[in-house]
Amino acid sequence: MKREIKKGVYWVGKVDWEIREFHGAEYSTHRGTSYNSYLVKDKKTVLIDTVWSPFDHEFVENLKNSGDLQKIDYVVANHAEVDHSGSLAELMDHIPDVPVYCTSNGVKSLKGHFHQDWNFVPVKTGETLDLGTKKLMFIEAPMLHWPDSMFCYLTEDNILFPNDAFGQHIATELLYNDLVDQAELYQECIKYFANILTPFSRLVEKKINEFVDLNLPVDMICPSHGVIWRENPLQIVNKYMEWSRNYQEDQISIVYDTMWNGTRKMAESIAEGIESQNRSVTVKLFNISHTDKNDVVTEVFKSKALLVGSPTINQGVLSAVAGFLEEIRGLRFKEKKAAAFGTYGWSGESVKMINEGLEKAGFELLNDGLKLLWNPDAEMLEECVKFGNDIASQLEL
Ligand code: FEO
């Protein structure tokens, strides 16, 4: 429903309390999400982004019932991914001649999605749309996180609409950052950065610096998911700067899968070895076949080292570990260390394969890894403790 966030500026999005998987099944949304659309009414009226297609009818009906639909002079599509553009088809059926402002890549992507030749107006950084007393300035933001991505900025009200950037997957009726649980808010922010923006970290830093150089005051940041940043809005910008610089905490994550608990026992003994060597480091263990992969990636993001374990099966690794290695390959983490471990009974390729996967993902190996034959006994587990001691010592240097 419509909510005024500043005089003449309205949130007209949709809160989705039910969604638990996003991007197909690629991103878990434990706390739901929202698709934020904004309406700015000045002498001219502009609609910034829409909502995901399952809600297109509801979205357009709301605009119609509030009397706003036929008053829309311009539509801005900051990003063509369908959680934001999904209602365009239904919307444009009602206002077919209204110009749609987006980047030139946005035109390609929107045409690719909807196969419609709407009245597209491609824009570049610095170009503005005059609304009467206020202006909307466009700022291209390629790869944050798609090639078509764009921010826009409303003068006089000093509002930045950065689309996905600075957003979080949270369903709430509270609308603003200062009203929600701060731990939950930041958990979702860092999860979003870790899982979506890690490969583009350099570009995040560059884009933020470019924006700072524009010297525009910012009173409010209105992303396309989750809450609006109205209290100290630059706090999330500062966090993004911190996260974009190869972020790490004093944490080691141990990610493994196991068949008959041999590799699990190795993981636990390695953790014991790390902790006994360094009491201040946080060690977290995750059985990847039982843990949400996006949550694990968030923990890897926070870690200075990642240990990956799998027994050998069919001359390879368990499928959940293979999937995890592929996941981190695409994320291109930087300046993180790693090591591999696992049990085997016959051929014993898992450690070598994990090492290859970790190196391909950009991790620096701390050692050759540890492989143990059959189910580890007390003496073998002592070897794991020693392995953990050595890793902790190397990381303290
Ligand atoms: Fe929220 Fe890139 O879509």
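See the structure printed just above.
All figures in this text were calculated on a predicted structure; none of them were measured in a lab.

Draft legend 1. Layout of the overall build of the protein chain. Tallying secondary structure elements over the protein chain gives 12 helices and 22 strands in all. Referenced to the eigenvectors of the C-alpha coordinate spread, the extents of the protein chain come out at roughly 80 × 40 × 35 Å. A total of 397 residues make up the protein chain; the buried ones form 58% of that total. In the protein chain, of all internal contacts separated by at least 6 residues, the share reaching a separation of at least 24 is 70%. When the accessible area of the protein chain is evaluated, it comes to approximately 16,700 Å², of which 50% is carbon and sulfur surface.

Draft legend 2. Looking closely at the packing of helix 10 (residues 319–331) against helix 11 (residues 350–360). Remark: helix 10 packs on helix 11, axes separated minimally by 8 Å, with the N-to-C direction vectors making an angle of 20°. In terms of orientation, helix 10 lies roughly parallel with respect to helix 11. Crossing hand, helix 10 versus helix 11: left-handed. Residues V321, L325, I328 and R329 of helix 10 lie in contact with helix 11, whose contacting residues are I354, G357, L358 and K360.

Draft legend 3. Inspection of helix 8 (residues 262–277) at higher detail. The end-to-end C-alpha distance of helix 8 is 23 Å, a good match for the 22 Å that 16 residues give at a rise of 1.5 Å each. Residues G262, T263, M266, A267, S269, I270, A271, G273 and I274 constitute the buried set of helix 8. On its buried side, helix 8 packs onto strand 17 (251–256), strand 18 (282–287), strand 19 (305–309), strand 20 (337–344), strand 22 (370–373) and helix 12 (378–396).

Draft legend 4. Structural view of the nonpolar core. Of all hydrophobic cores here, the largest spans 87 residues; its most connected members are I72, L91, F166, I236, Y240 and W243. It is helix 5 (residues 182–197) that contributes the most residues to this core, 9 residues altogether. Ignoring sequence-local partners within four residues, the contact set of I236 consists of F166, Y186, C189, I221, W229 and W243. The next biggest cluster of nonpolar side chains, apart from the first, holds 27 residues, and it includes V46, I48, C152 and I159.

Draft legend 5. Unusual backbone geometry, seen in detail. Backbone torsion omega between L144 and H145 reads 10°, so that peptide bond is classified as cis. Residue placement: H145 occurs in the loop between strand 13 (135–140) and strand 14 (150–154). Of note, N158 is a non-glycine position whose phi angle comes to about 55°, a positive value. Structurally, N158 is set in the loop between strand 14 and strand 15 (159–163). At Q315, a position not held by glycine, the phi torsion is positive, near 60°. Taking relative accessible area as the criterion, Q315 reaches 53% and is therefore assigned exposed.

Draft legend 6. Structural context of the sheet that holds strand 7 (residues 38–41). Spatial ordering of the open sheet is given by 1-2-7-8-9-10-11, a layout of 7 strands whose pairing is mixed. Whereas interior strands pair on both sides, the edge strands pair on one side only; in this sheet they are strand 1 (3–6) and strand 11 (120–122). Strand-to-strand twist of the sheet, defined as the mean angle between neighbouring strand axes without regard to direction, takes the value 25°. Of the strand pairs in this sheet, strand 7 and strand 8 (residues 45–48) are connected by 4 bridges, and their pairing is antiparallel. Bridging across to strand 8, L39 finds its partner in L47.

Draft legend 7. Representation of the packing of aromatic side chains in the model. Under the criterion given, the structure shown has 18 aromatic pairs. With centroids separated by 5.7 Å and ring planes inclined at 45°, the aromatic side chains of F193 and F301 adopt a geometry described as tilted. Of this pair, F193 sits in helix 5 while F301 sits in helix 9 (residues 293–302), and the two are 108 residues apart along the sequence. In this structure F193 comes out as buried when scored by relative accessible area, which is 0%.

Draft legend 8. Here's a closer look at a nonpolar patch on the surface. Nonpolar side chains collect at one region of the surface, where W346, L373 and W374 lie side by side and expose about 410 Å² of accessible area between them. Relative to the elements of secondary structure, W374 occurs in the loop between strand 22 and helix 12.

Draft legend 9. Expanded view of the pattern of salt bridges. This model, assessed by the stated rule, comprises 24 salt bridges. Close ionic contact of K111 with D117 constitutes a salt bridge, the shortest N to O distance being 3.4 Å. Residue K111 is classed as partly exposed on the basis of its relative accessible area of 35%. You can call D117 exposed: its relative accessible area is 65%. Across the pair K293 and E327 runs a salt bridge whose closest N-O atoms are separated by 3.5 Å. With K293 in helix 9 and E327 in helix 10, this residue pair connects regions lying 34 residues apart in the sequence. Through salt bridges with shared partners, a single ionic network connects K2, K41 and D68.

Conventions and cut-offs
- Residues numbered from 1 in each chain as written.
- Predicted model: local features only at pLDDT ≥ 70, side-chain atom pairs only at ≥ 80, totals over all residues.
- Heavy atoms only, no water.
- Helix = DSSP H or I, 4+ residues; strand = E, 2+ residues; numbered from the N terminus.
- Buried < 20%, exposed > 50% of the residue type's maximum accessible area, 1.4 Å probe, protein only.
- Contact = heavy atoms within 4.5 Å.
- Areas by Shrake-Rupley, 256 points an atom, 1.4 Å probe, with all protein chains shown as cover.
- Axes fitted to C-alpha atoms, helices over the stretch in contact; angles between N-to-C directions.
- Parallel < 35°, antiparallel > 145°, perpendicular 65-115°, else oblique.
- Left-handed = near helix turned anticlockwise from the far one by under 90°.
- Expected span 1.5 Å × (residues − 1).
- Core = buried A, V, L, I, M, F, W, Y, C linked by side-chain atoms within 4.5 Å.
- Pairing = 2+ DSSP bridges.
- Phe/Tyr/Trp six-rings, centres within 6.5 Å; stacked < 30°, edge-to-face > 60°.
- Patch = residues over 30% accessible without salt bridge, like charges linked within 9 Å, V, L, I, M, F, W, Y side chains within 5 Å.
- Salt bridge = Lys/Arg side-chain N within 4 Å of Asp/Glu carboxyl O.

Limitation: the analysis is restricted to geometry and does not speak to function.
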